[in-house]
Amino acid sequence: MIRPQMLILAASLAFVNLAAAPVSVVAAPTMAADNPFAKVSTLPFRYPAFDKIQDKHYMPAFNAGMREDLRQFNAIANNPQAPTFDNTIVAMERSGQLLTRVNATFSSMLAANTNDALNDIDSAMAPRLAAHSDAKYLNQKMFKRVKALYDKRAALGLDPESAYLLERYHKDFVRAGAQLSDADKKKLKAFNGKIATLQTKFSQNVLKEANASALVVDTRAELAGMSEAAIDTAAAEAKTRKLDGKFVVALVNTSGQPPLSVLTNRAVRERLMAASLARGTRGGKFDNRDVVLQLTKLRAERAALLGYPTFAAYSLEDQTAKTTDAVNTLLSELAAPAVANARREAAEIQKIIDAETGAEPGAKPGGFKVAAHDWAMYSDKVRAERFNFDEAQLMPYFEMDNVLVNGVFFAATKLYGITFKERKDLPVYNPDVRVFDVFDTDGKQIAIFLADFYARSNKRGGAWMNEFVSQSKLMGTTSVVTNNLNVPKPPAGEPTLLTVDEVKTMFHEFGHALHGLFSNVTYPRFSGTNVPRDFVEYPSQVNEMWMIWPEVLGNYAKHHKTGESMPRELLEKVMASKKFNQGFLTTEYLAASLLDQRWHQLDPAKMPKDVLAFEAASLKDAGVDFAPVPPRYRSAYFSHSMGDYSAGYYSYLWSEKLDADTVQWFLDNGGLDRKNGDHFRKTLLSRGGTADALQLFRNFRGRDAKIEALLERRGLKAK
């Protein structure tokens, strides 16, 4: 995933960026000269001074940044000189540097290392930053200047990147409501303030509810099947919660929970899955049902005010998909074959269950029907029977540091020629964070990369990439990029052994990192991953292919004790099992994507009143209501849908179509080869958002993407 929820005042506006709170700074302390944000960091590449930044520094820096940004913006809007590209568009690109600095660091810390103080700042700043954005993008004088340039754009003699920047600014202002009447702008601001506040509340509730819903068991025996190290971690977590003698299994943000694949006690598995699925809907102060209803209604009403039939129509207009029809067609075409595959997989699982419980096929006595809390464990048993291996056999070969250095970095070196060197002299915000310098083929340093891989109770769930500093020739900045995962930290002295999914996630997130590290653009607006949401996952998904590339896998998949390489026969089984369980994986993803679209394709006059009833009806109507395979996310903890990826969760699948076709291109052209990497970097990774995203794909691929490779990968091709 790309970046956590950010309060950034980007030129590309989302609903979170707008609000109705007053722009003026209320009783805020002046920023002191020794505030770390007062000046550009003197550390390499403007790396944040984490050893100096304290919670108390953020609010004064935000206030000073807002004042500075608005002062600079108004000076541009009120410039008595006729508008030019330099004195208007470029001037806006240069403005607001202080606000950009503080917001980039704050947003990252809010996701990776939060606390009550930062959450309070987030709650306070969300509507105020949004109102600040309103003050800019609803400024009629500035829009008049931008429109004057846009109307004569063909005669300005701009280079392609500059011409595209002008087009984007004009579109951003229009989509933000610049052409509305004064009365409608007032209504818009009212919507914006409530939306910003609700999104912040939803996000905070998700994290707090995950902590509150963690599974608590009384005995070590109840966790049979988990490794001793994992059980020790559960005991340690219990102690931190003052539950000495008990065991606490923390929840990750997806519906499925990792221990479900190993817990042998079915009753405990059922409790764990039930706790996971009930998050945000079980009453109490972290219940998100009312937030979901309010938020989706406000988004729909705001879209209607802007002239769109639904929020999804508004959102998708600015993506490569363009229309709700295009997204609905993609999802509906895949739903039936995906569920059919999942049902076949369930039948295979049921055979294993019946055999284990001594029941005759289809008989009830002595057996049980496969349920959601059984799937992970018994699909592994089917995998073991079919391919004669299980996930536990792989983990000893996936020690985390080895995966990073000899897998992820090794693949990047082979493909792009870049190299990495760890450094210990720069400050970090948590002792677990590692820092690496990144060097280009000529030995010149091009970026700094941070790796923050361990889970923490004050860290949001999931995995993401973020940027502390974005590359821009105009600003003279170079990328400082971070990847975040949520790998459980083992007891001291124990190795960190990854699951297959965690290895895949590490390669995936580094694909996002490469998009930022290789950025070579002029304007900050286009840096790195500033591309349409349904395109941003594409480079990261491509990078997953190197995880099982024989040369790469052979370099990092070594036993953490013996150093022996993963046996060839095990590798061949891994390769053969790539399409295994794709019915489940595709169905759980489609179910979540369909929920996201159903919420955001609602007419504001026809909003539901019951979240759970709407979910059930939506899944049934779409044909994906298969109980053993719940949605990957349910509405009350669906951070993508209720946050930055609203109406956009489909984008992973949309991007996968491009990804699968790209993987085929690499295979057809020799795979892990420098000439292939250089071509991908030159035509796409380095270009950021400087042109239409699908045109960038065409520049790389030589044609539009075809769907055959995706169908083949997902095992959905007609037999």
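The residue count restarts for each chain, going from 1 along the sequence in the order it is written. The model is predicted, so local features are restricted to residues of pLDDT at least 70 and side-chain atom pairs to those at 80 or more, both for listing and for counting; the totals for chains, interfaces and linings are taken over all residues. Only hydrogens and water are set aside when side-chain values are computed; all heavy atoms of the structure are taken into account.

Caption draft 1: How the structure looks around the overall build of the protein. Counting its secondary structure elements, the protein contains 26 helices and seven strands. The size measure is the radius of gyration over C-alpha atoms, and the globule rule it meets is 2.2 Å times the number of residues to the 0.38 power. In terms of C-alpha radius of gyration, the protein reaches 25 Å, essentially the compact-globule figure of 27 Å for 719 residues. Taken over the C-alpha atoms alone, the protein extends approximately 85 × 60 × 55 Å along its principal axes. Only heavy atoms enter the contact rule, under which two residues are in contact if any of them lie within 4.5 Å. Considering only contacts in the protein between residues 6 or more positions apart, those separated by 24 or more positions represent 77%. For the area figures, the Shrake-Rupley method with a 1.4 Å probe applies, and any residue is considered shielded solely by the protein chains shown. Carbon together with sulfur atoms contributes 53% to the accessible area of the protein, which is approximately 28700 Å² in total. Labels follow the DSSP assignment, with helices taken as runs of H or I lasting at least four residues and strands as runs of E lasting at least two, numbered in each case from the N terminus.

Caption draft 2: The nonpolar core, seen in detail. Formed by 159 residues in total, the largest nonpolar core has its most connected members in Phe-398, Phe-507, Phe-510, Trp-546 and Tyr-556. The element best represented in this core is helix α12 (residues 324-357), accounting for twelve residues. Once you skip the residues sitting within four places of it in the chain, Phe-398 turns out to touch Val-403, Thr-496, Leu-497, Leu-498, Thr-499, Val-500, Val-503, Leu-553, Tyr-556, Ala-557 and Met-566. Side-chain atoms within 4.5 Å are what join buried Ala, Val, Leu, Ile, Met, Phe, Trp, Tyr and Cys residues into a set we call a nonpolar core. Three labels apply to residues, based on accessible area from a 1.4 Å probe with only protein chains included: buried if under 20% of the type maximum, exposed if over 50%, partly exposed otherwise in between. Judged by nonpolar contacts, the second largest core, of 32 residues, contains Phe-50, Tyr-58, Leu-426 and Val-469.

Caption draft 3: Structural detail: the confidence of the model for the protein. Values of pLDDT, the confidence the predictor places in each residue, fall between 0 and 100. Per-residue confidence for the protein gives a mean pLDDT of 92; residues scoring 70 or more make up 94%. Across residues 3-28, confidence stays below pLDDT 50; counting only partners more than four residues off in sequence or on other chains, it has 108 contacts.

Caption draft 4: Quick look at the sheet that holds strand β6 (residues 464-469). Here, strands pair whenever DSSP counts at least two bridges between them. Strands sit in the order β3-β4-β5-β7-β6 across an open sheet of five strands; the sheet is mixed. Edge strands, defined here as strands with exactly one partner in the open sheet, are β3 (419-423) and β6. This sheet shows a mean twist of 30° between the axes of neighbouring strands, independent of strand direction. Pairing analysis gives five bridges linking β3 to strand β4 (residues 434-439), with the strands arranged antiparallel. Bridge pairing links Glu-422 to Phe-436 in β4. Only the stretch in contact is used when a helix axis is fitted, and all axes are lines through C-alpha atoms; the angle between N-to-C directions ranges over 0 to 180 degrees. Seen against the sheet, helix α16 (residues 500-517) touches β3, β4, β5 (445-454), β6 and β7 (479-487) and runs at an angle of roughly 165° to β7.

Caption draft 5: Spatial organisation of unusual backbone geometry. At Phe-45, a position not held by glycine, the phi torsion is positive, near 60°. Topologically, Phe-45 is positioned in the segment before α1 (55-77). The class of Phe-45 is partly exposed, set by a relative accessible area of 24%. For Lys-322, which is not a glycine, the phi torsion comes out positive at approximately 75°. If you trace the backbone, Lys-322 turns up in the loop between α11 (311-317) and α12.

Caption draft 6: Geometry of the packing of helix α9 (residues 266-278) against helix α13 (residues 372-387). Look at α9 against α13: their axes get within 8 Å of each other, and the N-to-C directions meet at 120°. Compared by their axis directions, α9 and α13 come out oblique. Of the two elements, α9 crosses α13, and the hand of that crossing is right-handed. Here α9 contributes Arg-266, Arg-269, Glu-270 and Met-273 to the contact with α13, which in turn contributes Ala-372, His-373, Asp-374, Met-377 and Tyr-378. Angular relationships are summarised with four words: roughly parallel below 35 degrees, roughly antiparallel beyond 145, roughly perpendicular across 65 to 115, and oblique for the angles in between. What makes a crossing left-handed is the near helix being turned counterclockwise from the far one by less than a right angle; a clockwise turn instead makes it right-handed.

Caption draft 7: View of the pairing of β7. Across the nine residues of β7, nine count as buried, placing the element largely inside the fold. The two faces of β7 match: Ser-479, Val-481, Asn-483, Leu-485 and Val-487 on one face and Val-480, Thr-482, Asn-484 and Asn-486 on the other face are all buried. Across seven bridges, the pairing between β5 and β7 is parallel. Bridging across to β7, Phe-449 finds its partner in Val-481.

Caption draft 8: Here's a closer look at the pattern of salt bridges. By definition here, a salt bridge exists when the distance from a side-chain nitrogen of Lys or Arg to a carboxyl oxygen of Asp or Glu is within 4 Å. The full count for this structure, using the stated rule, is 46 salt bridges. One salt bridge in this structure joins Asp-51 and Lys-52, with 3.8 Å as the shortest N-O distance. The two residues Asp-51 and Lys-52 agree in class, both being exposed. Three or more residues joined by partner-sharing salt bridges are found here, namely Arg-168, Lys-171, Asp-172, Arg-175, Glu-317, Asp-318 and Arg-525.

Caption draft 9: Focus on the packing of aromatic side chains. For Phe, Tyr and Trp, where Trp contributes only its six-membered ring, two rings pair if their centres lie within 6.5 Å, and the inter-plane angle classes them as stacked under 30 degrees, edge-to-face over 60, or tilted in between. Taken as a whole and assessed by the stated rule, the structure comprises 45 aromatic pairs. Ring centres of Trp-665 and Phe-666 lie 5.1 Å apart, and the angle between their planes is 85°; this geometry places the pair in the edge-to-face category. Phe-666 matches Trp-665 in its accessibility class, with the two residues each being buried. An aromatic cluster is present here, built from Phe-535, Tyr-538, Trp-546, Trp-549, Trp-665, Phe-666, Phe-680, Phe-697 and Phe-700 joined pairwise through their rings. The positively charged end of Arg-153 is found above the aromatic ring belonging to Tyr-150, 3.8 Å away from the centroid. The positively charged end of Arg-460 is found above the aromatic ring belonging to Trp-464, 4.8 Å away from the centroid. A ring is considered to have a charge above it if a Lys NZ or an Arg CZ atom is located within 6 Å of its centre and within 35 degrees of its normal.

Caption draft 10: Spatial organisation of the environment of Pro-608. Residue position: Pro-608 is located in the loop between α20 (582-600) and α21 (611-622). Those residues in contact with Pro-608 that sit more than four places away from it in its chain are Leu-293, Trp-599, Leu-602 and Phe-614.

Caption draft 11: Representation of helix α8 (residues 228-240) within the structure. Given a helix with a known number of residues, its expected span is that number minus one, times 1.5 Å. An ideal rise of 1.5 Å per residue puts 18 Å on 13 residues; α8 measures up with 19 Å between its terminal C-alpha atoms. Turning to α8, its buried residues number three or more, namely Ile-231, Ala-234, Ala-235 and Ala-238. Seen along its axis, α8 keeps its buried residues to an arc of 100°; they face one direction. In this structure, α8 carries Lys-239 and Thr-240 as exposed residues pointing more than 90 degrees from its buried face. Along the arc lie the directions from the helix axis toward the C-beta atoms.

Caption draft 12: Structural detail: the side chain of Asn-139. For Asn-139, the location among the structural elements is in the loop between α4 (116-137) and α5 (140-151). A relative accessible area of 16% places Asn-139 in the buried class. Setting aside residues up to four positions removed in sequence, Asn-139 forms contacts with Phe-73, Asn-74, Ala-77 and Asp-134.

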